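Analysis of the macromolecular model
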Amino acid sequence: MVVQFGGVTAVDDATFSVEPATITGLIGPNGAGKTTCFNVISGLQRPTKGRVRFRDQDVTSLSVDGRARRGMGRTFQRLEAFGSLSVRDNVMVALDINRGLRGLFTNGRKDADALLERVGIASYAEERADSVPTGTARLLELARALACEPRLLLLDEPSSGLDEAETDDFGSLLQELAASGVAILMVEHDMDLVMAVCQELHVLDFGRIIASGTPAAIRQDRTVQEAYLGYSEEVVA
Ligand SMILES: Nc1ncnc2c1ncn2[C@@H]1O[C@H](COP(=O)(O)OP(=O)(O)O)[C@@H](O)[C@H]1O
Ligand SMILES: [Mg+2]
C-alpha cells in the first residue's frame, strides 16, 4: 500500500501479510507509518495505492463495519472507549451489536464479565471507562474487540500503561488468542514483549519496510539497529 497526505508519503509501498494463529509485529520509530497501515487495513483510511485482502477477499472498498463483520477487530493508540459508560457496558455494547447482527440470544452481562475476567480487569467493571488507568483502558479496548469474535486483531501499542507483571499476563493472553486461531498484528514499542511473543516482524522506517523476519533475525539486522533499535527508550516511546 501507499498512503500520501498532501506532500507527505506516510506509507511508501509497504506490503505484508498476517497469518491465522500467528502474532506478527509491526515496529519502527515514531512517524514511520504504523498507525496509518492499521487505518488502511481496518478501513479508516483509503490507500492512495494498493489493496487490502482479508480471508481470500479484496476488502479495499468495504467500510469499517463491513470489515468488522467479516472478523476484523482493533484497538486504538489514542484510546477510543465510550468514556461515560462503565467498563462493563462498553463490552456489553459490542456484544449486543455482534450477537444482534448474528441473530443470537445474548446474556450480555455474564459474557461481558467473562471477557473482563479474561483480560484481567474484572475489578473495574463498574467504573466509568474514562476514569480507569490507561493500561486498564487498553485492556478494555481489547475485551471490546474480543466481544466481536475477531479472526484478525489489530493492536496499536497495547502494552503502554501496563506494568511489568501486567505486560507478562498480556503477552500470555496474546499467545492464548493466537493458539485459538486468531491472527494478531501488533504495533508495539516494548521490544521485550515483541521479541517474546511475535513469530514474524516487519520493520517500518519512513513508510517503507526495511526488514522482515523472525525476532532473532531482526535483532541481528544492521539496518534495523541503525534505524530503530539503537534509539533510546525515550525517543521511541
Ligand atoms: N491524517 C493525517 N494527515 C496528515 N498527516 C498524517 C495523518 N496521519 C498521519 N500523518 C503523518 O503520517 C506519518 C505517519 O504517521 P503514523 O502512521 O501515525 O506513524 P506511527 O504510527 O508509525 O507513529 C507521520 O509523518 C504523520 O505525521
Ligand atoms: Mg502510531
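Each chain has its residues counted from 1, running along the sequence as written. A letter from A marks each chain and a number from 1 marks each ligand, given out in the order of writing. Where totals are concerned, whole chains, interfaces and linings use all residues; where local detail is concerned, this predicted model gives features only for residues with pLDDT of at least 70, and gives and counts side-chain atom pairs only at 80 or more. Processing note: side-chain calculations cover all non-hydrogen atoms of the structure and skip hydrogens and water entirely.

With that settled, consider helix H5 (residues 134–146). In this description a helix means any DSSP run of H or I spanning at least four residues, a strand means any run of E spanning at least two, and both kinds are numbered starting from the N terminus. A helix is expected to span 1.5 Å multiplied by its residue count minus one. With 13 residues, H5 should reach 18 Å at 1.5 Å per residue; the first-to-last C-alpha distance of 18 Å fits that figure. Here's how the labels work: a residue is buried when its accessible area is under 20% of the maximum for its type, exposed when over 50%, partly exposed in between, all with a 1.4 Å probe on protein chains only. Burial of H5 is extensive: twelve of the 13 residues sit out of reach of the surface. Listing the buried residues of H5 in full gives Gly135, Thr136, Ala137, Arg138, Leu139, Leu140, Glu141, Leu142, Ala143, Arg144, Ala145 and Leu146.

In terms of burial, strand E8 (residues 183–187) is a largely internal element, five of the five residues being buried. Side chains Ala183, Leu185 and Val187 of E8 all project onto a buried face; the interleaved residues Ile184 and Met186 project onto the opposite face, where all are buried too. Strand pairing requires that DSSP identify at least two bridges connecting the strands. Two strands pair when backbone bridges link them, and strand E3 (residues 23–27) and E8 are joined in this way by four bridges, in the parallel orientation. From the neighbouring strand, Leu26 faces E8, where its bridge partner is Val187. Examined bridge by bridge, strand E7 (residues 152–156) and E8 share five bridges and lie parallel to one another.

Low pLDDT marks stretches whose predicted atomic positions should not be read closely. In the predicted model, the protein carries a mean pLDDT of 92, and 95% of its residues have values of at least 70. Model confidence for the protein, summarised as mean pLDDT per element, is weakest for helix H10 (residues 233–236) at 45 and strongest for E8 at 98. Ignoring residues within four places in sequence, the model shows residues 232–237, a span with pLDDT below 50, making eight contacts including any to other chains. A residue's pLDDT is the predictor's confidence in that residue, given on a scale from 0 to 100. For this analysis, residues touch if any pair of their heavy atoms sits within 4.5 Å.

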